[in-house]
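Topology and contacts: notes
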Amino acid sequence: MTQVCSVCGSSNTELEDKLQSSFSDELLELHRCRSCGTLFYPHSKGISYDECSLGSTKFYIEFNAGLHAPSHFITNLRQLARAKPKPSFLDVGCAFGFALDMARYLGWDATGVEPSPIALEGQRTLQLNIIQDYLESADLPSAYDLVLSSETIEHVPDPQGFLNLINKYLKPDGILCLTTPNSEAYASESVGEKLAMASAGVHLNIFSPYSIGLLLERAGFADCRIETSGGVTGKKGLVVFATKTGRLPNFKYIAPLDSSCIKFMIEYLEYLVEAREKERDYLYDGALYRLVELYTNLGNLAQAHRLSIKLDESISAKYTVVREESIDAFLQVARQKAIGFDDYIASLPSFLSRYLYCKGMVCLNLLSDFARAEKLFTLAHDLFSHEQDTFRQSFASNWQMASRAKYHAALSMLYAKNKKEGLRIFDQLLSNEHDCPSDLIPQVHLYKGIAHLQLGEIISALKSFTLGLKKATKQAFVRRAIDYIILVLRQGWELSLYATITDPSTYTKVPRFRKLKLLFWFTFRRLRRLLTFMFVK
């Protein structure tokens, strides 16, 4: 049966995908409109936001609320609001209120609207001005200089009516920042990103740049600018800036990973940690964890290590499961008793799997404690695997993290001189290559080759380096693989050359072999140039 597009009304639609609902075993049909590019669920009514379990609230505050996004939006709005000393700011669908708190931290007059009970938690914990209601019945007292609506419109049954209301609450010279998944990137994204974008049973519409522009025009917005960001493609999400009258001011769009966004996020998280030092609650733990992860990703492992000591102290006082010797036992019980999401989140920090992974990186690359690094990566792998098997939709951001943890566990074994076991794990990763991140495959081949080389297995090493070269996409990695291939060939040649000499000590004294060595040196040099020409772009 032909379905009608919920945005443009066209019946020129096709079935795009069938996805399991986040809340049941029901398969939901996801259709694509060929006219405007919108993806939509014709048979889904979405969910009610009148209820919010304690587990989901804790999960959001500790882990699931990604603060890169609000830091990104606030940093861009900050430059657009330079002319206003204290702009009024409205966040529609503010959830717990992290973006609101960032705006207040900058001195803005901040108000939020959120229908779910998590709004009450934001009111209580952060002392924010949040109205727990839907926008259509919130009856806000005034219009605002800046309006943010992040990852909200895809949940709304009537997106056109929603944007009409936002127009009502925006000042004539005000600016709207709206974000939502990009339907044009859906087919090209990784499985984990697609799960998050589709959110079957939760999202109702996934818009294209054209369809969101069409809705904004119909709602009376005079000018809009649409950027894309995130995901494997760099185009997973739409970031839209719009104004009611005239044209948008000229401004340089700041990308999510720009240093100014990262700097602001670190500044805000440090402020949160200091403000919640006495309470040491879920908000404190979540802020500390995010700082540990940020500094780990930035390569500042010394600072990540210092902060992890504080976080260990806080979570050890709340949970018994965080002790490394307790995690395996807990997972066994969780599997046997099929522990539900709320009970699972109540038993440990929501971020524990990622946190153990970060601590493993510190042990591997800073402390050189390879045995402990292996243990931490193995525990992280076990937690990632359980979360993907049992709570896949909730932990969609951890997609393929189990493979990364397993890879780093094998790497730790190599550094700890346990090369045979490391090779065994590398082989396991390569046997399930479809579950392994594409950027990890060349690295697995490279380090597998290094292990073979250290064991004197030259043919196996050459095979691994060659496979790594074929799979590589990053140019620095390609050059490294070529260097190892040349090294293996030279070692193999020198071994065969030595084998032809009765007394190896006479090697450099024999003119013929000195000439051969010089000849092969030129040969390998030319081979390196040839491989570089073929594979380096």
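Placed above this text is the structure.
Only a predicted model underlies this, so the values are computations on that prediction, with no experimental measurement involved. (Residues numbered from 1 in each chain as written. Predicted model: local features only at pLDDT ≥ 70, side-chain atom pairs only at ≥ 80, totals over all residues. Heavy atoms only, no water.)

Let us look at the packing of aromatic side chains. Per the counting criterion, the structure on display carries 23 aromatic pairs. Taken together, a centroid distance of 5.0 Å and an interplanar angle of 70 degrees make the contact between Phe59 and Phe395 edge-to-face. Of the two residues, Phe59 sits in helix H1 (residues 54–64) while Phe395 sits in the loop between helix H15 (370–390) and helix H16 (401–415), which places them 336 residues apart along the sequence. On the numbers, 6.3 Å between centres and 70 degrees between planes, the contact of Phe241 with Tyr253 is edge-to-face. Taken as a pair, Phe241 in strand E11 (residues 237–243) and Tyr253 in the loop between E11 and helix H9 (259–275) lie far apart in primary sequence, 12 residues in all. Using a relative accessible area of 0% as the deciding quantity, one classes Phe241 as buried. Aromatic rings pair up to connect Phe59, Phe63, Tyr289, Phe330, Phe341, Tyr344, Phe351, Tyr355, Phe391 and Phe395 into one cluster. Above the plane of the ring of Tyr282 lies Lys58, whose end atom (NZ or CZ) is 5.1 Å from the centre. (Phe/Tyr/Trp six-rings, centres within 6.5 Å; stacked < 30°, edge-to-face > 60°. Helix = DSSP H or I, 4+ residues; strand = E, 2+ residues; numbered from the N terminus. Buried < 20%, exposed > 50% of the residue type's maximum accessible area, 1.4 Å probe, protein only. Lys NZ or Arg CZ within 6 Å of the ring centre and 35° of its normal.)

Moving on to the pairing of strand E2 (residues 27–33). If a strand is regular, its side chains alternate between the two faces of the sheet. Along E2, 5 of the 7 residues are buried, which leaves the element largely enclosed by surrounding structure. Bridge count for strand E1 (residues 13–20) against E2 is 7 bridges, and the pairing is antiparallel. Looking across to E2, one finds that Leu19 is bridged to Leu28. From the end of E1 to the start of E2, which pair antiparallel, there are 6 residues. Here E2 runs beside strand E3 (residues 39–40); their pairing, made up of 2 bridges, is antiparallel. Bridge assignment links Arg32 to a residue of E3, and that residue is Leu39. In sequence, E2 turns back onto E3 through a hairpin of 5 residues, with Gly37 there showing a positive phi of about 85 degrees. (Pairing = 2+ DSSP bridges.)

Note that every value here comes from positions in space, so none of it alone points to a role or purpose.
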